[in-house]
Amino acid sequence: MSLYCLESRRVMSGSAQFLCRAAGGARSLSFSAWAPQLSSRPSRSHARRLAQSSEVCSAKLRPSVMTARLRLVCLLLSGVLAWHRCGVSLRVDLSPSGPLFKLGERQQLACSVDDCPVTPVISWTPLDDRPLNARVRTRDNLSLLTFEPVDMEHEGPLLCKVTCGEQHKQAKTHIRLYAFPSDPEIRGHDPVRAGEESTLTCQLRDLYPAERLTLDWLRGGQVVRSVPGEAGATSVQSAYTFTPQRAESGENLTCRATLDLHDLPPPERTRQTVTRLHVTSCFPTVAPVVTVLSDPGTVSSGSVLILSCSASGNPAPVLMWTFRPEDGGPLEVKGHSETLVLAAQAGEFRCEARNHEGKDSKAVRVRINASPSNTSMFVSPGRELMEGQRVTFTCRSHGAPPPVLVLSREGVELWRSDSTPWLTFSLSVRPDDAGQYRCDASNPLGTQRVTQNVTVAAPPRNTTVVVAPSAAVSAGQNVTVSCQSAGFPPPDVVLERAADGTQRRSADGVFRLLNVTVRDSGLYRVNASNPLGHQVRVFRLTVTEPGARTLPALAAILVPVAAALVLDHLRRSKKKGSYRLTSSTPAPEQHPFSA
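To start, this report covers the structure provided alongside it. (Residues numbered from 1 in each chain as written. Predicted model: local features only at pLDDT ≥ 70, side-chain atom pairs only at ≥ 80, totals over all residues. Heavy atoms only, no water.)

1. Details of the overall build of the chain
- Broken down by element type, the chain carries three helices and 42 strands.
- Residue burial in the chain is summarised as follows: out of 595 residues, 36% are buried.
- When contacts within the chain are restricted to residue pairs at least 6 apart in sequence, long-range pairs at least 24 apart make up 60% of them.
- With the model as given, the accessible surface of the chain reaches about 33,200 Å², and the carbon-plus-sulfur share is 50%. (Helix = DSSP H or I, 4+ residues; strand = E, 2+ residues; numbered from the N terminus. Buried < 20%, exposed > 50% of the residue type's maximum accessible area, 1.4 Å probe, protein only. Contact = heavy atoms within 4.5 Å. Areas by Shrake-Rupley, 256 points an atom, 1.4 Å probe, with all protein chains shown as cover.)

2. Examining the layout of surface pockets
- One number sums up the size of the largest pocket: a volume of about 500 Å³.
- Taken together, the elements giving at least two residues each to the lining of the largest pocket come down to strand S28 (358–380) and strand S30 (390–400).
- The biggest single contributor to the lining of the largest pocket is S28, with six residues.
- Residue composition of the lining of the largest pocket, by class: eight nonpolar, nine polar and three charged. (1 Å grid on protein atoms, 1.4 Å probe; cavity = no way out; pocket = protein on both sides within 12 Å on 5 of 7 lines; lining within 4 Å. Points joined across faces, edges and corners; volume = space filled by probe spheres on them. Nonpolar A, V, L, I, M, F, W, Y, C, P; charged D, E, K, R; others polar.)

3. Thoughts on empty space enclosed by the protein
- Tallied over the full model, the rule gives three cavities of 30 Å³ or more.
- Looking at the largest cavity, its volume works out to about 50 Å³.
- Contributing to the lining of the largest cavity are Pro126, Arg130, Pro131, Leu132, Phe147, Glu153, His154, Gly156, Leu158 and Ile175.

4. Observations concerning the pattern of salt bridges
- A complete count under the given rule lists 21 salt bridges for this structure.
- The shortest N-O distance in the salt bridge between arginine 91 and aspartate 115 comes to 3.8 Å. In this pair, arginine 91 is assigned in strand S4 (residues 91–95) and aspartate 115 in the loop between strand S6 (107–114) and strand S7 (121–126), connecting sequence segments 24 residues apart.
- Overall, arginine 91 belongs to the partly exposed group, its relative accessible area being 41%.
- The class for aspartate 115 is partly exposed, based on a relative accessible area of 24%.
- For arginine 271, the salt bridge is made with aspartate 183, and the minimal N-O distance between the two is 3.3 Å. In this pair, arginine 271 is assigned in strand S19 (residues 270–276) and aspartate 183 in the loop between strand S11 (167–178) and strand S12 (185–187), connecting sequence segments 88 residues apart.
- For aspartate 183, a relative accessible area of 43% puts it in the partly exposed group.
- One salt-bridge network, held together by shared partners, links Arg91, Asp114 and Asp115. (Salt bridge = Lys/Arg side-chain N within 4 Å of Asp/Glu carboxyl O.)

5. Brief notes about the nonpolar core
- Residues Tyr178, Phe180, Leu213, Leu215, Trp217 and Leu259 are the most contacted members of the largest nonpolar core, which totals 25 residues.
- Contributing elements (two or more residues each) for this core: strand S14 (198–204), strand S15 (213–219), strand S17 (236–242) and strand S18 (252–259).
- Tallying contributions element by element places S18 first for this core, with four residues.
- Once you skip the residues sitting within four places of it in the chain, leucine 213 turns out to touch Phe180, Leu204, Leu207, Val227, Pro228, Gly229, Val236, Ala257, Thr258 and Leu259.
- Grouped together as the second largest cluster of nonpolar side chains are 20 residues, Phe101, Trp124, Leu145 and Cys164 included. (Core = buried A, V, L, I, M, F, W, Y, C linked by side-chain atoms within 4.5 Å.)

6. What about the pairing of S7?
- Burial along S7 is one-sided: the residues Ile122, Trp124 and Pro126 are buried and none of Val121, Ser123 and Thr125 is.
- For S7 and strand S10 (residues 156–164), the ladder comprises six bridges, and the chain directions are antiparallel. Within the sheet, the bridge partner assigned to threonine 125 lies in S10 and is leucine 159. (Pairing = 2+ DSSP bridges.)

7. Describing a nonpolar patch on the surface
- Together, Val304, Ile306 and Val341 line one region of the surface with nonpolar side chains, adding up to about 300 Å² of accessible area.
- Counting through the fold element by element, isoleucine 306 comes out in strand S23 (residues 304–314). (Patch = residues over 30% accessible without salt bridge, like charges linked within 9 Å, V, L, I, M, F, W, Y side chains within 5 Å.)

8. Comments concerning the sheet that holds strand S36 (residues 472–474)
- The strand order across the open sheet built from five strands is S36-S42-S41-S38-S39, with neighbouring strands paired in mixed fashion. Strands at the two margins of the open sheet, each flanked by one partner only, are S36 and strand S39 (503–506). Across this sheet, the average inter-strand angle for adjacent strands is 30°, counted without regard to direction.
- Pairing geometry for strand S41 (residues 522–530) and strand S42 (residues 533–544), over nine bridges, is antiparallel. If you follow glycine 522 over to S42, its bridge partner there is leucine 541. (Axes fitted to C-alpha atoms, helices over the stretch in contact; angles between N-to-C directions.)

9. Thoughts on the state of the cysteines
- Going through the model one piece at a time under the given rule, you end up with four disulfides.
- The disulfide that involves cysteine 111 links it to cysteine 160, with 1.9 Å between the sulfurs. In this structure the cystine formed by cysteine 111 and cysteine 160 twists about its S-S bond by roughly -85°; its chirality is therefore left-handed. Of this pair, cysteine 111 sits in strand S6 while cysteine 160 sits in strand S10, and the two are 49 residues apart along the sequence. One exposure class covers both cysteine 111 and cysteine 160, and it is buried.
- Through a disulfide, cysteine 116 is tied to cysteine 164; the S-S separation comes to 1.9 Å. Judged by the torsion about the S-S bond (105°), the cysteine 116/cysteine 164 disulfide is right-handed. Remark: cysteine 164 occurs in strand S10 and cysteine 116 occurs in the loop between S6 and S7; sequence separation between them is 48 residues. Exposure class is identical for cysteine 116 and cysteine 164. Each is buried. (Disulfide = S-S within 2.5 Å.)

That is the geometry; function is a separate question.
Structure follows, in structure tokens:
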């Protein structure tokens, strides 16, 4: 292989690019080199290019193929790179510098590299033959070591090793651990007897390192006993022996634990527990007995309720008031004094007395006088009923004393229930059961009522027809036909002349025939109908000229014939159904049945 070309060209101020090519047979090799001005300190990017160019020069070209000029370029690059390395020092930093980690938590340790012109190689090494047991994540010049969670095996010295080209450097730290999970626990602080020696113990569990912990007993702000922890222990315990006096009852006694570790935040260095001394006399202890509990009985709504409770026992019992609402809600704690003052509430109040010998309780029920409220009436299956359907009315109301409930229809009493919270009444409805139903709830403090309108659907019945002044009139008179029919929905009424089928409708069931003539004589039908059925009534209208008289014989013949015609018409009506036309106000009459 021989060098066949070497050239250089100026690229930027103070820098030159060298291009070297060597070829031998079918193989060729090329590389570029950067040479900054030696009068200035090279930047990091220049340093990387110098290192890469130097390595290419030394690794890819054998000495046999280097010309004097090429060797000069490589020497120049090596010198510049050596000068750069002398001027820039590789730095390795650990953060945090003095790690103090809490056992069981997730923590991280970072190793960062500065002033390395190439991508460094970073590794972590625990000393003392300990396993690493942590997750490593490295990117560029930063490596993160994650402990998840922190365990006892993570304590001790740890190295971060860095290789930057030909440079090697490492940073060392020492991981410290601690555990301070809970407040100290005091035992033996149940009531102590005056004049007798008593011992209280204070213990702290699951801590680390125990040798850095101190347990102090304090009375009146002064330390009366102090116990240090021992290395290798996981708990520290201290006993405090004293002889209490009756006057010391109610005094506070404190057990304080202090973990003396550098870099541990002050709020986490100290934990303490405070207990109150309860000093009893030398008399025998007695379980509590509730001796007095006031009973207010019934009170007015919105008034103030005052309850009092007294109990005996040795040591003196502690009282607690509880309350359970009348509607069965959750139990509530109302107070701890002998007298309870609060807004009146209906329910059970209980006074409980307790000491270390036992407990006792008594309860009283409070009722509140109130006028009827929340009165309601339910109609099942509904307010729109069919004839013969069974319906149930239910009335409810709240009040104290319990209200009297009365169910009535159109002012007529149907059922009464005394001093019960509800009333129930059932019946099978008929058309005359439709109307307004009312539920009245009353007690000495007031009355409350609710109403419901009930309808009963039924076909027309009890249909009557009245012809005035008479069914036999003289020509020129006016005739009024009035029809009444019971049913729901209200029946439509149609008047029809049988001779020619001419029909008239009336909204109120009243038809007026004006200036009747002889030709208006004949049979008439009145049809009352609704969606549930119909009912027909027939009458004959006789119109005569003034002065004319009807022969008795003719009347005797016509009456049976008319009766036969009516019966025939009724049979046909049953087969064909009734006439049902929409109701409308009749037009002004000029002739009884004129078009």
